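Results of the structural survey
In case you want the letters, here they are:
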Amino acid sequence: MTTSNAATPGTDPSVLEELTRLRDSIDNIDAAVVHMLAERFKCTQQVGRLKAEHRLPPADPGREARQIARLRALAESAKLDPAFAEKFLTFIIAEVIRHHERIADDTAGATS
């Protein structure tokens, strides 16, 4: 899904070629990120069902704090802004908790 390489007239064709190559790489990475997130959410859905079956709380603040610290350290070693990595993981955690709450509600409703 590479976007147009519209450029000003006279742009060096080798520049456009490099731009296309880089954008193609970005598109491939984006696809990999989406697939990895899908796999992650498949796992967290299983966690949510397990928690619901055993009446465990949807959120685990201790685990979440450890994961954030771990991801910040990974980000630093990868030369990625740790604050960005934390925001990204915090967003994902909020979505996971929302899913876990829904699963818990559905499970409680099924057993009522």
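Structure shown above.
Residues numbered from 1 in each chain as written. Predicted model: local features only at pLDDT ≥ 70, side-chain atom pairs only at ≥ 80, totals over all residues. Heavy atoms only, no water.

What follows is about unusual backbone geometry. For R55, which is not glycine, the phi dihedral falls at a positive 55°. R55 sits in the exposed class, given a relative accessible area of 73%. Look at K79: it is not a glycine, yet its phi comes out positive at around 65°. According to the relative accessible area criterion, K79 is exposed, its value standing at 75%. (Buried < 20%, exposed > 50% of the residue type's maximum accessible area, 1.4 Å probe, protein only.)

Before going further, it helps to spend a moment on the environment of V96. Tracing the chain through its elements places V96 in helix α3 (residues 82-111). V96 sits in the buried class, given a relative accessible area of 9%. For the pair V96 and G10, spaced 86 residues apart in sequence, the C-alpha to C-alpha distance is 49 Å. (Helix = DSSP H or I, 4+ residues; strand = E, 2+ residues; numbered from the N terminus.)

Turning our eyes to something else, we now look at the layout of surface pockets. Volume-wise, the largest pocket comes out at about 460 Å³. Around the largest pocket, the lining comprises 16 residues; the ones closest to its centre are L71, A85, F88, L89 and I92. When residues of the lining of the largest pocket are traced back to their parent elements, those giving at least two are α1 (13-53), α2 (61-77) and α3. Grouping the amino acids of the lining of the largest pocket by side-chain chemistry returns 13 nonpolar, one polar and two charged. If you add up the space inside the second largest pocket, you get close to 320 Å³. What lines the second largest pocket is a set of 17 residues, and nearest its centre among them are R40, T44, R63, V96 and H100. Of all elements in the fold, only α1, α2 and α3 reach the threshold of two or more residues within the lining of the second largest pocket. (1 Å grid on protein atoms, 1.4 Å probe; cavity = no way out; pocket = protein on both sides within 12 Å on 5 of 7 lines; lining within 4 Å. Points joined across faces, edges and corners; volume = space filled by probe spheres on them. Nonpolar A, V, L, I, M, F, W, Y, C, P; charged D, E, K, R; others polar.)

With that out of the way, let us pick up the packing of α2 against α3. The interhelical angle for the contact between α2 and α3, taken along N-to-C directions, is 145°, at an axis separation of 9 Å. The chirality of how α2 crosses α3 is right-handed. When α2 is examined against α3, the residues E64, Q67, I68, L71, R72, A75 and E76 are found in contact with a partner set consisting of P82, A83, A85, E86, L89, T90, I93 and I97. (Axes fitted to C-alpha atoms, helices over the stretch in contact; angles between N-to-C directions. Left-handed = near helix turned anticlockwise from the far one by under 90°. Contact = heavy atoms within 4.5 Å.)

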